[in-house]
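# Chain and residue survey
Now for the letters of each chain:
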Amino acid sequence: MAIVGHWSSLAEAQKLTQSELLKGIVQEVIESGNLLPMMPVKQLNAKSLLYNREVSWTASTGAAFVDTHEALTWQADQTYSQIEVALKQIARQDVIDRFIAATYGNINDYKSVMITEVAKKVSRFTEHMLRYGDVTYGGAKQFDGLHAMAQENTGDLDYDNGETVLSIMQVRKLLDAIKIDQKGQQNVILLMPREIARRFDAAYQESGLVRSQVTHSMATITIGGREIMERIPMIAGVPVIRDDFLVAEQANTGVGSDARALRTSGTNMYSIFAVRLGPIEEGELELLFGDPGAGEGIFSGFTHESFEKLEDYIAGGERIYGFLAPALGASISLGRIYDITDGELVP
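Residues numbered from 1 in each chain as written. Predicted model: local features only at pLDDT ≥ 70, side-chain atom pairs only at ≥ 80, totals over all residues. Heavy atoms only, no water.

## A closer look at the overall build of the protein chain
Helix and strand counts for the protein chain stand at eight helices and 13 strands. Rg of the C-alpha trace for the protein chain: 27 Å, well past the compact-globule value of 20 Å for 347 residues, more than 25% over. Along the first, second and third principal axes, the C-alpha set of the protein chain runs to 115 × 60 × 40 Å. Considering the protein chain as a whole, with its 347 residues, one finds that 37% of them fall into the buried category. The contacts of the protein chain with a sequence gap of at least 6 include a subset with a gap of at least 24, amounting to 75%. (Helix = DSSP H or I, 4+ residues; strand = E, 2+ residues; numbered from the N terminus. Rg over C-alpha atoms; globule rule 2.2 N^0.38 Å. Buried < 20%, exposed > 50% of the residue type's maximum accessible area, 1.4 Å probe, protein only. Contact = heavy atoms within 4.5 Å.)

Here it is, written out as structure tokens:
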């Protein structure tokens, strides 16, 4: 038996002391790629927003050659695609017991801790749904996220990568499809899961590109000692955003018959997005919000309410809620490549 002096055992001596508790909560849930701080916002004083999109036509049908004095035919073929985006309600409320708040609060303010944690959960949920929300297949309470909006596109704006590794050429096609040469690069971002972003890092440093035959590149990249293992910040002048909310997905989902699903079986699949952020009227992606209490032009995405007394309980409550929805102006401001596997890039 260990000798602890006056006390019969170490356990008896420990009865006269206690541990010191550090105030607050050490954060473990830390994510990058948050869209909410990046998105421009538009305040609504209505349940939804209506706007008209131009319907594309082939250039060859826009006009006609005519001879001198030839009679012209009157044309009447202009149409529009009307889009409605409805605000959706996101909310969470938690109970705080009066006994716990009053008697356990000598170190931490339980109410303040709870409000912070509820707000974080609501924010993280919103970020998740900005990618994976789907009105058609996920439920009418939801709004359409990036996957649901992108799957309405065709061609290089919605490309099925066929459950294989990503091609650099397909990324070039994606950036061409969102018209970075005509509309510029300044408001465009590339959202990528970390798994795919790391493949870009490696491709331009230690790994290179996987080639089916020997070819020679006309470009050489030279790096200094401090740049070894640096991450790629941009592609074609477009910022690469490492998005922790884009996670492993289930193959062959979210392509017109169901919502894009998180992985449940088989090989991990990933998606990347090219997004142009800006005002809807300029054809870009914007966040709609509705809060009658907010001043004009003042963003109030979420509202906090306290309930001092709950009927039948010795408790109060805290609620966080918001009325939000993303709205895409022109379809060319959003594109995706999906069903990508985690492997070395090819040209």
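Still more to cover.
## As for the side chain of S48
Structurally, the position occupied by S48 is in strand β2 (residues 48-54). Separated by 2.7 Å, the side chains of S48 and E84 make a polar contact. Setting aside its immediate chain neighbours within four residues, S48 contacts E84, V85, A86 and L87. (Polar contact = N/O pair within 3.5 Å; in protein donor to acceptor, adjacent residues only side chain to side chain.)

## Concerning the packing of aromatic side chains
Tallied over the full model, the rule gives three aromatic pairs. Centre to centre, the rings of Y104 and Y110 are 6.3 Å apart; their planes meet at 65°, and the pair counts as edge-to-face. On the basis of relative accessibility, which here comes to 43%, the residue Y104 falls in the partly exposed class. For Y110, a relative accessible area of 35% puts it in the partly exposed group. In this structure, R336 packs its charged tip against the face of Y338, placed 4.2 Å from the ring centre. (Phe/Tyr/Trp six-rings, centres within 6.5 Å; stacked < 30°, edge-to-face > 60°. Lys NZ or Arg CZ within 6 Å of the ring centre and 35° of its normal.)

## Things to note about the pairing of strand β13 (residues 334-340)
The element β13 is largely enclosed, with a buried count of seven among its seven residues. Bridge count for strand β5 (residues 158-164) against β13 is four bridges, and the pairing is parallel. Bridging across to β13, D158 finds its partner in R336. Where strand β9 (residues 270-276) and β13 come together, five bridges link them in antiparallel fashion. Note that in β13 the partner of A274 across the bridge is G335. (Pairing = 2+ DSSP bridges.)

## Describing helix α8 (residues 194-203)
Owing to its 3.6 residues per turn, the α-helix aligns residues three or four sequence positions apart on the same side. The set of residues buried in α8 consists of I196, A197, F200, D201, A202 and A203. Where α8 is buried, its residues touch α6 (168-177), β6 (188-192), β7 (234-235), β8 (238-242), β9 and β13.

## Here we look at the sheet that holds β6
Taken in spatial order, the six strands of this open sheet run β5-β13-β9-β6-β8-β7, and their pairing is mixed. In this open sheet, the two strands that pair with only one neighbour each are β5 and β7.

## Observations concerning α6
For α6, the complete set of buried residues consists of I168, Q170, V171, L174, L175 and A177. Taking the backbone nitrogen of M169 as reference, a side-chain oxygen 3.1 Å away marks S167 as the first, capping residue of α6. Remark: K179 follows α6 within two positions and exhibits a positive phi of approximately 65°.

## Observations regarding the nonpolar core
One finds L146, L191, F273, V275, L285, L288 and L334 to be the most contacted residues of the largest nonpolar core, which totals 39 residues. Counting residues per element, this core draws most heavily on helix α3 (residues 110-132), which supplies six residues. Ignoring sequence-local partners within four residues, the contact set of V275 consists of L146, N187, V188, I189, L191, L285, S333 and L334. By size, the runner-up hydrophobic cluster in this structure holds 27 residues, among which are I178, I235, I340 and L345. (Core = buried A, V, L, I, M, F, W, Y, C linked by side-chain atoms within 4.5 Å.)

## Side note on unusual backbone geometry
Look at K179: it is not a glycine, yet its phi comes out positive at around 65°. For K179, the position within the fold is in the loop between α6 and α7 (180-183). Since its relative accessible area comes to 33%, K179 is described here as partly exposed. Backbone geometry at A236 places phi at a positive 55°, although glycine is not the residue there. In this structure A236 comes out as partly exposed when scored by relative accessible area, which is 47%.

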